[in-house]
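For reference, the chains in residue letters:
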Amino acid sequence: MGKTFAKPEALSDQHTHYCPGCTHGIIHRLVAEVIDELGIKGRTVGIAPVGCAVLAYNYFILDFQEAAHGRAPAMATGIKRVRPDLIVFTYQGDGDLASIGMGEIIHAANRGEKFTTIFVNNAVYGMTGGQMAPTTMPGQRTTTSPFGRNVKEVGMPIKMAELLSALETPGYITRQSVIKPKYIVRAKKAVKKAFQYQLEGRCFSLVEVISTCPTNWGLTPVQAVKWAEETMLPYYKLGEFKRPD
Amino acid sequence: MGKILMKGNEAIGEAAIRAGCLNYFAYPITPQSEVAEYLSRRMPEVGGVFLQGESEVAVSYMLFGASACGARVFTTSSSPGISLMSEGISYIAGAQCPAVFVNIMRGGPGLGGILPSQADYFQATKGGGHGDYRLLVMAPASVQEAVEMVMLAFPLAEKYRNPVMLLGDGLIGQMMEPVEFPDHLKSEPTNKDEWATNGMDTRGSNKRNLVKTLFLDAGKLNEHNLMLKAKYDRMKREEIRYELYNIESDYKALIVSYGTMSRVCKTAIDNMKDEGLEVGMVRPQTLFPFPENAVYEAASKESCKVVVSIEMSMGQMVEDVERCVKGKLPVKWYGKCGGDVPTPEEVVEAVKSFL
């Protein structure tokens, strides 16, 4: 009997440091599967963010660079400009991309840099221990919004996919999720499409992925999925926001 | 090719191309924007990369990303811009990537002014960004020397896998002087397959490369810093460059000065010689590593009574001069920092006041 299911070649055997119920593992796997399927492992460079995924390079068997907080899109720009033949992706969280790295992502998208961004949105700073992010939901308690996010003081959560879609430069911008199997299947298709657009030299591509952080949300993995579905998905609508064609 | 008349900023851009650096990322800032303007039309001619980034912060990381995949890269900026790039410089040094930064200094702090200054000595030689790192810092005193130092900067950055900074004041960037370009530099970064993230297929390897600065384990981070320190110690042994002026005379005073300021000091020294007062000078061409022994030896001359650090800052290099003189002689400072370059007469007056 032949092998019907295997670990992607682009992933290592290491146990991850991610918490139980965290969705980074699923997203890593989707990216690795796509890299395998497209046969681009030998010319792909990943860029790790600052945040929980800073150690992503321990799990991907790919050339990898490690960025400063929010700066991954600038590094990806540097690589693609001098080596357009390399396939480059940044893997960033919401504190990294939507807060400190807002300038870098908007300008990279607007220049139409031909790299791919996997943007993991779990509505909280993970690595630093659960502080409020620009994506934190109204009323959501975090370690720096102990009484719940007060939108009168700090504004509403930023919808990055919609914001980036407003740029006139052609791009591929989509929001997906991995909190349920049906979403995972769609997310995989979106990740593949994003890499394909890059391979064709078409445009900047970004896949926002609505994710869970049971540890910093103070919920069990099952409760976290329910919270994400009931609280985040109505606000962060899934779907394709922009296509280059 | 003979001598041509060229503005410092443009000559710096051209020198980088001749050094084989075809990748330039930058953000406009006075008084060095002419480098970006020049390269925005010159890079396409030579098939190179020109990109104006959205900020100096982003530019420093464009350099990081490009350098980390094995490309020869550089940028130019001026003081406030270098402050913003300092974050990236710390990462580039920590990750051991070669890159060249040119700082055409203007006055500070804050916006300061747009006239020439040397007030970024501390920033260039003592840090700027966070953590234990050093830049190899070279300070040109003419457009010709700026060209030569740019061409030297790339092989040095690659030799040490460390950022190299060219520290020029606004005058070096703005003035026009006759300049002759050395032959094209042919060398490519040699060992990049060992460390650069240039794609496993590019180097025909199954082993992936990783460029990073995070070491969560205390012992490993200490080891990493010791390895970096060994490189900086090697720079101190192999890369010190300086010029001596009127050093054979029985000088009564020794000036230490660099960049444009040192040219004014040479005129002052000539004028004092005409009056019968001998003054010698050490002109550091590398600010890190600093010519420690040269300053000490020059200060050890029996006829010498005082050492004067003359700089377009409120007294920054003087701290290194004091360190090198080791208390043998009084060390004084003279300088200005508003953008006026002290005149030869003012230098003469200052030196005499210390004797």
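What you see is a predicted model; the values in this text were computed from it and never measured.

Moving on, we get to the overall build of chain B. A count of helical and extended segments in chain B gives 13 helices and 15 strands. Over its C-alpha trace chain B gives a radius of gyration of 21 Å, about what one expects of a compact globule, namely 20 Å for 355 residues. With the C-alpha coordinates aligned to their principal axes, the bounding extent of chain B is approximately 70 × 50 × 40 Å. For chain B, with 355 residues in total, the buried portion stands at 54%. Restricting the contact set of chain B to residue pairs at least 6 apart, pairs at least 24 apart contribute 80%.

Below, the discussion takes up the overall build of chain A. Along the backbone of chain A there are nine helices and seven strands. In terms of overall dimensions, chain A is globule-like: its C-alpha atoms have a radius of gyration of 17 Å, near the 18 Å expected for 245 residues. Seen along its three principal axes, the alpha-carbon backbone of chain A occupies a region of about 50 × 50 × 30 Å. In chain A, once contacts between residues fewer than 6 apart in sequence are set aside, the share between residues at least 24 apart is 67%.

Residue and element names in this part refer to chain B. Each assigned domain of chain B is listed with its residue range as follows: domain 1 (4-189 + 226-238) and domain 2 (242-354). Put simply, the middle of domain 1 and the middle of domain 2, counted by C-alpha atoms, are 26 Å apart. Taken together, the contact between domain 1 and domain 2 spans 26 residues of the former and 22 residues of the latter. Looking at the side of domain 1 that touches domain 2, the elements that each hand over two or more residues are helix 5 (121-126), strand 6 (136-138), strand 7 (163-169), helix 7 (170-174) and helix 9 (218-238). With four residues, the top contributor of residues to the side of domain 1 that touches domain 2 is helix 5. Grouping the amino acids of the side of domain 1 that touches domain 2 by side-chain chemistry returns 17 nonpolar, six polar and three charged.

Another point: the interface of chain A and chain B. Every contact between the two is made by 26 residues of chain A and, on the other side, 30 residues of chain B. Among the elements of the structure, strand 2 (63-66), helix 2 (72-82) and helix 4 (102-111) of chain A are those that each provide at least two residues to the side of chain A that touches chain B. Ranked by residue count, the leading element in the side of chain A that touches chain B is helix 2 of chain A, at eight residues. Of the residues assigned to the side of chain A that touches chain B, the class counts are 13 nonpolar, six polar and seven charged. Bridge count for strand 2 of chain A against strand 9 (residues 210-211) of chain B is two bridges, and the pairing is parallel. Residue pairing in the sheet places A:Phe64 in a bridge with B:Leu210 of strand 9 of chain B.

Burial of helix 2 of chain A is extensive: eleven of the eleven residues sit out of reach of the surface. For helix 2 of chain A, every residue scored as buried is listed here: A:Ala72, A:Pro73, A:Ala74, A:Met75, A:Ala76, A:Thr77, A:Gly78, A:Ile79, A:Lys80, A:Arg81 and A:Val82.

Here we take up the environment of B:Asp193. All names here are of chain B. Of note, Asp193 is situated in helix 8 (residues 192-195). Classification of Asp193 by C-beta neighbours within 10 Å gives partly exposed; the count is 15. Between the alpha carbons of Asp193 and Gly70 there is a distance of 7.9 Å; along the sequence they are 123 residues apart.

For the rest of this paragraph, the subject is the sheet that holds strand 4 (residues 116-121) of chain A. Pairing is mixed in the open sheet, where eight strands are placed in the order 7(A)-5(A)-6(A)-4(A)-3(A)-1(A)-2(A)-9(B). A single partner strand is all that each edge strand has here, and the edge strands are strand 7 (239-242) of chain A together with strand 9 of chain B. In this sheet, strand 6 (residues 204-210) of chain A lies alongside strand 5 (residues 171-177) of chain A in parallel orientation, the contact comprising seven bridges. Across the sheet, the residue bridging to A:Thr174 is A:Val207, located in strand 6 of chain A.

Okay, the environment of B:Gly127 next. Examined against the element boundaries, B:Gly127 turns out to sit in the loop between helix 5 and strand 6. Through-space distance from the C-alpha of B:Gly127 to that of B:Ser86 is 8.4 Å; in sequence the pair is 41 residues apart.

What follows covers the sheet that holds strand 4 (residues 73-77) of chain B. Residue and element names in this part refer to chain B. Pairing is mixed in the open sheet, where seven strands are placed in the order 3-2-4-5-7-6-13. Both outer strands of the open sheet, strand 3 (49-52) and strand 13 (286-288), are each paired with one neighbouring strand and no more. Taking the axes of each pair of neighbouring strands and ignoring which way they run, one obtains an average angle of 20 degrees across the sheet. The strands that helix 2 (residues 33-45) touches are strand 2 (23-26), strand 3 and strand 4; relative to strand 3, the one it contacts most, it runs at about 140 degrees. Together, strand 5 (99-105), strand 6 and strand 7 form the strand contacts of helix 6 (residues 143-160), whose direction differs from that of strand 7 by roughly 160 degrees.

The subject of this paragraph is the pairing of strand 6 of chain A. All names here are of chain A. Counting buried residues in strand 6 gives seven out of seven residues, a clear majority hidden from the surface. Taking every second residue as pointing to the same face, both faces of strand 6 are buried, with Phe204, Leu206, Glu208 and Ile210 on one and Ser205, Val207 and Val209 on the other. As paired elements, strand 4 and strand 6 share six bridges and run parallel to each other. Bridged to Val120 within strand 6 is Val209. Regarding topology, helix 7 (residues 181-199) serves as the crossover connection from strand 5 to the parallel strand 6, and that connection is right-handed.

So, on to the environment of B:Gly129. Its location among the elements puts B:Gly129 in the loop between helix 5 and strand 6. Its 21 C-beta neighbours within 10 Å are what place B:Gly129 among the buried residues.

The rules behind these values
Residues numbered from 1 in each chain as written. Chains lettered and ligands numbered in written order. Predicted model: local features only at pLDDT ≥ 70, side-chain atom pairs only at ≥ 80, totals over all residues. Helix = DSSP H or I, 4+ residues; strand = E, 2+ residues; numbered from the N terminus. Rg over C-alpha atoms; globule rule 2.2 N^0.38 Å. Buried ≥ 20, exposed ≤ 12 C-beta atoms within 10 Å, placed from the backbone. Contact = placed C-beta atoms within 7 Å. Domains from an automatic or database assignment. Nonpolar A, V, L, I, M, F, W, Y, C, P; charged D, E, K, R; others polar. Pairing = 2+ DSSP bridges. Axes fitted to C-alpha atoms, helices over the stretch in contact; angles between N-to-C directions. Right-handed = clockwise from strand over helix to strand, strands pointing away.

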